[in-house]
Each structure stands twice: as C-alpha cells, then as structure tokens.
Amino acid sequence: MGLIKFLKEKFSKKKEEKELDKKENNISEVNEQNDSKLEDNSIKKEEDIKELNDNKDSNSDLEKYDKGLEKSRKSFANKLKSLSKKYKKVNQEYFDNLEEVLIEADVGVKLTLDVIQELLEKSRKEKLEDPEEINELLIDILFLKYVKENEDKNLELKFDSKNPTICLIVGVNGVGKTTSIAKLAYRYIKQNKKVLIVAADTFRAAAVDQLEIWAKRINCDIVTGLNNQDPASVLYKGLEKAKNENYDLVIIDTAGRLQNKVNLMNELSKMSKVINKLSPDSIKETLLIIDATTGQNGVLQAKSFYEATGLTGIIITKMDGTSKGGIILSIRDELGIPVRFIGLGEKVDDLELFDLEKYLYSLCINKE
Ligand SMILES: Nc1nc2c(ncn2[C@@H]2O[C@H](COP(=O)(O)OP(=O)(O)OP(=O)(O)O)[C@@H](O)[C@H]2O)c(=O)[nH]1
Ligand SMILES: [Mg+2]
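Here the structure is a predicted model, which means the values were calculated and not measured.

Draft legend 1. Structural context of the overall build of the chain. What the chain contains, in helices and strands, is 14 helices and eight strands. Within the span of the chain, comprising 368 residues, buried residues form 38% of the whole. Once local pairs closer than 6 in sequence are excluded, the contacts in the chain between residues at least 24 apart make up 76%.

As structure tokens, then:
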C-alpha cells in the first residue's frame, strides 16, 4: 500500500472518531452486561480508557500539525491537486511542473532533481501514467528519502539518572532560540524533569530579560549573568548549580550574531569546552534552531553550524508562518541531521516532536 493510503487510513479523523465512539459504547456495553465480573472489567476499562486517551493525544498532536502546516499544505497540496487535474496522462511537461512545485516548496534543488529522477524511473518501470498515482509515488519517495536505517527513532531528549543532560541551543539572530528554550523547558517540566535554564546570551541585556520572563511564566529555574559578562562564566555557574542541586536538564541560550561569525563560533567552541570539562559524563545535545521562513538560507546556516560546533539535532521554528514546508526534507537531505522538534506557533506548547508521518500527512494531503 502506498504511503498516502496508509496515512489516510491511519489518520483519517472520521474513522478515528468513529472508532473512539465505538470504543466508548463498547466500554459501557461491557460494563452493563458484566456486572458480576466487576474486577476484570475495571481492569479492561482502565486499559481501554488509556488506549482512548492515547488515541485522543495523538489526535490532538495531529490537529496541531494540521493547523500549523495549513499554509504549507494550501500551497503544496493544492498545487499537486490542480496539476493532477490538468493532465489526463503524465508527460515530460508534467514532470517539469512537478519539479517547479517541489522547488517552490523549498525541497531544495538537489533533492528535487533526485526525487524527480527516481519518480521518472519508477513510474516508467511500473508503467504508471495516471497523475494521481504519480503524486502518490512522489510522497512515497519523499518519505523513503528521509528515513534512515539504524537511526534512533526516539527524538526526545535523553536522560540518565546520575548526570544532568546538557542541551546547548544555537542559531542565528531572531530564529526563535529563546522561545524554543522556553517551549523545551515547559515540555520537560511537564514530564516531571527538574529543568534549569542558563541565560548565556549576555550580548544583549534584553535577551536575558526575555528569558527571565519566560522562566517565570513556566515556573522554571534560571541562571543569569551580567550584561556582557563572558558567556562561558555564566555557563560555568549554571553547570555547577545543576550538578549540586541534581537537575535533570540544563538548557543553554546562546547569542546568535552572524555578522561576527568567527567570534560566534569561537565562543560556542569555548562553551563546549566548559561543558566537557565540568560535565564530562553528561548526555550532551547541541540543537540548532532554524527559522523555516528563511528558506534555503536556513540550509546554509545549518551547514556552517554543523561544521563549527557539531549538531545532534535541529528544531525548525515558525513552520506555521511559511508556505514552504519542504525545508525539513531539504535540510535532512543536505546534512543528514534529524529534525527533533518543530515550532508551530508562538505559544509555549506550540512545540511538537517531529513526526515524519504526521508531517507528510499534514503537508501533502488535501483535506478539502
Ligand atoms: N509563528 C511562530 N513564531 C515563532 C515561533 N518561534 C518563535 N517565534 C517568534 O519569533 C520571534 C523571535 O523569537 P526569539 O525566541 O526571540 O528568537 P531568538 O533566536 O532568541 O532571537 P535573538 O535572541 O534576537 O537572536 C518572536 O517574536 C517569537 O514569538 C514559531 O514556532 N512560530
Ligand atoms: Mg534570544
């Protein structure tokens, strides 16, 4: 079965709602019929309710994806649909148009050319001529291009009981670093982790203020330094506190001055050294924040940060604000680094763990 059909089946809201209704009815039926087996039933009921809640959770995540990716979908999925309506049979012109649609969606030139080539070969081999089928095959290829074997499928930050996990957040000006830090902290506080934010962006006084406001709002501890204080010394203070007071997670805000690229990269490598010295046994993450609305420029940023600091993952922000949702595929193709989270709005809970199926479903499948 092609991915589109699979995702439609998996995520189709109507079907899920029906199933939920059915399950709810079943639970009450079971309870009514089997009063005598009260004990067994209560266990079954608990299991069913848990399953129900899990389904509802995944449903609400999907709604967030659907809503957040609305602009991208309206552009991408609509273009695919109108293209398939225009042609009865595919021809070279169809593939040329498809290429344009992918480039416009920010899938990136290299990946687009690879995908179109593969699409041509497969469609010829399978003798496909129907545009709808070609579009379905396209989504399959996009999915398979993203997936990597032997990669950890769990994108959540990892924890060990002995040492705090240290998460360095990097990225150029204005991409959403501070907001994403608040969102991440909030996510893990909700998972009962003891979280500490370190405001090591001492370049701008306002940056510390902004982070303090967020920390207060989400009730998270924070370590700050003075304006223009050496960021590494603020970091030092934060890591000491985290060790002494048994924090589970330390999230570090950094400055993002691109005009001073060499200085910025030097500063980041100095901070990495401090982390390695003070917390040698901690799990370490370096997450790059990329603003989805900056398009292919984001891919270039990712390349320079990757070379300078090494990265364990990417957070793509402002996915809700762009019609070019393909950037996720492009970055993955160029660098192979996994997208760990995506930002789908300005609120503190508008951060979702990246889910390829939900992403493709929300981006590619026209629900109108
Ligand atoms: N729509 C939307 N806006 C976002 C998202 N993430 C961040 N923003 C907005 O982007 C703007 C910049 O966010 P910041 O968190 O201050 O960015 P920053 O990288 O810390 O910026 P500097 O510290 O100046 O380098 C703010 O107005 C945020 O509300 C998102 O996922 N969606
Ligand atoms: Mg900031």
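Here the narrative resumes.
Draft legend 2. Spatial organisation of the nonpolar core. Counting 91 residues, the largest nonpolar core has Cys167, Ala185, Ile197, Val198, Val250, Ile251 and Ile316 as its most contacted members. When neighbours within four sequence positions are excluded, Ile197 is seen to be in contact with Ile181, Ala185, Leu211, Ala215, Cys220, Ile222, Ile251 and Asp253.

Draft legend 3. Representation of helix H4 (residues 70–86). Taking 1.5 Å of rise per residue, 17 residues should cover 24 Å, and H4 covers 23 Å from first to last C-alpha, within 8% of that figure. Turning to H4, its buried residues are Ser72, Arg73, Phe76, Ala77 and Leu80.

Draft legend 4. Broad picture of unusual backbone geometry. Of note in this structure, Asn246 is not a glycine but carries a positive phi near 55°. Assignment of secondary structure puts Asn246 in the loop between helix H10 (231–244) and strand S4 (249–253). Despite not being glycine, Lys318 shows a phi value in the positive range, around 60°. Along the polypeptide, Lys318 turns up in the loop between strand S6 (313–317) and helix H13 (327–335).

Draft legend 5. Summary view of the site of ligand 1. With respect to spatial proximity, 20 residues lie near ligand 1, and among them Gly176, Lys177, Thr178, Thr179 and Gly343 are the closest. With three residues, the single largest contributor to the shell around ligand 1 is helix H8 (residues 177–190). Residues belonging to the shell around ligand 1 are distributed by class as follows: three nonpolar, eleven polar and six charged.

Draft legend 6. Summary view of the sheet that holds strand S8 (residues 351–353). Across the sheet, eight strands lie side by side as S3-S2-S4-S1-S5-S6-S7-S8; this open sheet has mixed pairing. With one partner strand each, in any of the chains shown, strand S3 (221–224) and S8 form the two edges of the open sheet. Adjacent strand axes in the sheet meet at a mean angle of 25°, parallel and antiparallel pairs treated alike. Against the sheet, H8 contacts strand S1 (165–170), strand S2 (195–199), S4, strand S5 (284–291), S6, strand S7 (339–343) and S8, and its axis sits at roughly 170° relative to S4. Docked against the sheet, H10 engages S2, S3 and S4, running at close to 170° with respect to S2.

Draft legend 7. The arrangement of the packing of H4 against helix H5 (residues 92–104) in detail. Here H4 crosses H5 at 170°, and the two axes come no closer than 10 Å. Of the possible angle classes, the one that applies to H4 and H5 is roughly antiparallel. In this structure, H4 uses Lys79, Leu80 and Leu83 to contact H5, whose residues at the interface are Asn97, Leu98 and Val101. Classifying every residue of the contact of H4 with H5 gives four nonpolar, one polar and one charged.

Draft legend 8. Representation of the packing of helix H6 (residues 109–125) against helix H7 (residues 131–146) in the model. For the pair H6 and H7, interaxial distance at closest approach is 10 Å and the crossing angle is 125°. Between H6 and H7, the interaxial angle falls into the category oblique. Our pair here, H6 against H7, has a crossing hand that is right-handed. Contact with H6, carried on its side by Leu111, Val115, Glu118, Leu119, Lys122 and Ser123, involves Ile134, Leu137, Leu138, Ile141, Leu142 and Lys145 of H7 and no other residues of that element.

Draft legend 9. A look at the environment of Asp281. Within the secondary structure, Asp281 is located in the loop between helix H11 (261–278) and S5. C-beta crowding within 10 Å serves as the criterion here: with 8 such atoms nearby, Asp281 is assigned to the exposed category. C-alpha separation for the pair Asp281 and Pro164, spaced 117 residues apart in sequence, amounts to 9.0 Å.

Draft legend 10. Highlighting the environment of Gln210. Of note, Gln210 is situated in helix H9 (residues 205–218). Gln210 gets classed as partly exposed once you count the C-beta atoms within 10 Å, which come to 18. Taking C-alpha positions, Gln210 is 9.7 Å from Ala199, a pair spaced eleven residues apart along the chain.

Draft legend 11. Examining H5 more closely. Taking 1.5 Å per residue, 13 residues should reach 18 Å; H5 reaches 19 Å between its end C-alpha atoms and fits that length. Residues of H5 that are buried include every one of Leu98, Val101 and Leu102, and no others. For H5, the angular spread of the buried residues around the axis is 95°, confining them to a single face. In H5, the exposed positions angled more than 90 degrees off the buried face are occupied by Gln92, Glu93 and Asp96. Structurally, H5 contributes buried residues whose contacts are with H4 and H6. Immediately beyond the C-terminal end of H5, within one or two residues, lies Asp106, with a positive phi of roughly 75°.

Draft legend 12. Structural view of the pairing of S2. Summarising burial for S2: five of the five residues are buried, a large majority. On S2, burial covers both faces: Val195, Ile197 and Ala199 on one face and Leu196 and Val198 on the other are all buried. Inspection of the sheet shows S2 paired to S4 by five bridges, in the parallel sense. Across the sheet, residue Ala199 finds its bridge partner in S4, namely Asp253. In the sheet, S2 pairs with S3 via four bridges, with the strands oriented parallel. Paired with Ile197 across the bridge in S3 is Ile222. Read from S2 through H9 to S3, the crossover connection turns out right-handed.

About the thresholds
- Residues numbered from 1 in each chain as written.
- Chains lettered and ligands numbered in written order.
- Predicted model: local features only at pLDDT ≥ 70, side-chain atom pairs only at ≥ 80, totals over all residues.
- Helix = DSSP H or I, 4+ residues; strand = E, 2+ residues; numbered from the N terminus.
- Buried ≥ 20, exposed ≤ 12 C-beta atoms within 10 Å, placed from the backbone.
- Contact = placed C-beta atoms within 7 Å.
- Core = buried A, V, L, I, M, F, W, Y, C linked by C-beta atoms within 7 Å.
- Expected span 1.5 Å × (residues − 1).
- Near = placed C-beta within 6 Å.
- Nonpolar A, V, L, I, M, F, W, Y, C, P; charged D, E, K, R; others polar.
- Pairing = 2+ DSSP bridges.
- Axes fitted to C-alpha atoms, helices over the stretch in contact; angles between N-to-C directions.
- Parallel < 35°, antiparallel > 145°, perpendicular 65-115°, else oblique.
- Left-handed = near helix turned anticlockwise from the far one by under 90°.
- Arc of directions from axis to C-beta.
- Right-handed = clockwise from strand over helix to strand, strands pointing away.

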